[in-house]
Amino acid sequence: MIDLNNFFSQISDDKPVRLFLPVLGADERLLIQCVLKKTQTTHFNLLFNPGALPVNKIDLDTSCLINLDLGGKSVSLEGKIIQVVNDQTLDMVPLKTISHEQMREYFRVDCTVPIVIKSLIPEGFGIPEDTWKIMGTTVDLSGSGLRASFTTAPPARTQVRLELALPTVEMTVVPTLASPVRISQLTDNLWDAAYHFDHIEDEDRDKIIGCCLMSQRRLLRLKVQVKGS
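It should be emphasised that the depicted structure is a prediction, and the values quoted were computed from it without experimental measurement.

What to know about unusual backbone geometry
Part 1 of the reasoning: Positioned with a positive phi, D14 is a non-glycine residue whose angle comes to about 55°.
Part 2 of the reasoning: Looking at where D14 falls in the secondary structure, it is placed in the loop between α1 (4-10) and β1 (15-21).
Part 3 of the reasoning: For R157, which is not glycine, the phi dihedral falls at a positive 55°.
Part 4 of the reasoning: Looking at the element boundaries, R157 is found in the loop between β10 (145-150) and β11 (160-166).
Part 5 of the reasoning: Residue classification places R157 among the exposed positions, given a relative accessible area of 80%.

Right, here's the structure in full:
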């Protein structure tokens, strides 16, 4: 975790960022492009294009996640909305920073979605044995990797093309390059494997993080309902 004072000293003013905004009555967060503007206090402002900020639908009780590029490295900042200044400005206070190396533990959530791992050699090239694919199901998911179950043994120590289908309003298929971190055989026909994303587009990582945040919110609401009953 980066020290907050050091963090803000490294970023330029009027920094373009991506905000995951919590919305009332919805699990899925709204992803909005905006600009981070530093202030003379410990607060900062987020500035939006006209009409981009749904002022009346913002969940002010839930923290926000802000993604930005810091010296070529993707970093996330968790922040709290202090007030809606106007329909184009949020007054924010920082809570903590999260690097994508920390993201797997911080935003790892139980999430079951279908995935497929494939050989790096495209179909039609090489010999038939070189072009394979294995279907699986995720056990948990994060912005930097996942854990999944397979009924066929996935190859060890081999980078793969990994695709996962996210449960968004319209199903989104996210492509990545990934390497196995750990593969364990649980039964005769079941393998458990953890993968780290070696390459993934920022936009696709945002989609995964948004899915994780949505799952977190749904689980928290279920926990409150169970405790209330």
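A short note on the pairing of strand β9 (residues 133-141)
Part 1 of the reasoning: Pairing of strand β7 (residues 109-110) with β9, which is carried by two bridges, proceeds in the antiparallel orientation. Each residue of the ladder has a partner; that of D110, found in β9, is D140.
Part 2 of the reasoning: Pairing geometry for strand β8 (residues 114-118) and β9, over five bridges, is antiparallel. Looking across to β9, one finds that V116 is bridged to M135.

Brief notes about the pattern of salt bridges
Part 1 of the reasoning: Tallied over the full model, the rule gives eight salt bridges.
Part 2 of the reasoning: Linking R147 and D192 is a salt bridge whose minimum nitrogen-to-oxygen distance equals 2.9 Å. Of this pair, R147 sits in strand β10 while D192 sits in strand β13 (residues 190-199), and the two are 45 residues apart along the sequence.
Part 3 of the reasoning: The salt bridge involving D192 is made with R182; its shortest N-O contact spans 4.0 Å. Of this pair, D192 sits in strand β13 while R182 sits in strand β12 (residues 172-187), and the two are 10 residues apart along the sequence.
Part 4 of the reasoning: It is possible to trace a salt-bridge network through shared partners that takes in D140, R147, R182 and D192.

Some words on the state of the cysteines
Part 1 of the reasoning: According to the stated counting rule, one finds zero disulfides in the structure shown.
Part 2 of the reasoning: With no disulfide partner, C111 has as its closest neighbouring cysteine sulfur the one in C211, 4.1 Å distant.

Section: the pairing of β13
Part 1 of the reasoning: Sheet topology note: the β10/β13 ladder contains six bridges and is antiparallel. Within β13, the residue paired with R147 across the bridge is A194.
Part 2 of the reasoning: When β12 meets β13, the two strands line up antiparallel, connected through nine bridges. In the sheet register, P180 faces β13, and the bridge partner there is Y195.

Observations regarding the side chain of T176
Part 1 of the reasoning: The residue T176 is located in strand β12 in this model.
Part 2 of the reasoning: Contacts of T176, omitting those with residues within four sequence positions, involve V160, R161, L162, F197, H199 and I200.

Some words on the environment of T42
Part 1 of the reasoning: Mapped onto the fold, T42 is located in the loop between β2 (30-38) and β3 (44-47).
Part 2 of the reasoning: Taking the relative accessible area as the measure of exposure, T42 reaches 61% and is therefore exposed.
Part 3 of the reasoning: With 50 residues separating them in the primary sequence, T42 and M92 have C-alpha atoms 9.0 Å apart.
Part 4 of the reasoning: What T42 contacts, discounting residues up to four positions off in sequence, is V93 and P94.

Examining the packing of aromatic side chains
Part 1 of the reasoning: Here the structure, examined in full by the defined rule, presents one aromatic pair.
Part 2 of the reasoning: Ring geometry for F150 against Y195: centres 6.5 Å apart, planes inclined by 75°, an arrangement best described as edge-to-face. Here the residue F150 occupies a position in strand β10, and Y195 occupies one in strand β13, the gap between them amounting to 45 residues. Each member of the pair, F150 as well as Y195, is classed as buried.

Calculation notes
Residues numbered from 1 in each chain as written. Predicted model: local features only at pLDDT ≥ 70, side-chain atom pairs only at ≥ 80, totals over all residues. Heavy atoms only, no water. Helix = DSSP H or I, 4+ residues; strand = E, 2+ residues; numbered from the N terminus. Buried < 20%, exposed > 50% of the residue type's maximum accessible area, 1.4 Å probe, protein only. Pairing = 2+ DSSP bridges. Salt bridge = Lys/Arg side-chain N within 4 Å of Asp/Glu carboxyl O. Disulfide = S-S within 2.5 Å. Contact = heavy atoms within 4.5 Å. Phe/Tyr/Trp six-rings, centres within 6.5 Å; stacked < 30°, edge-to-face > 60°.

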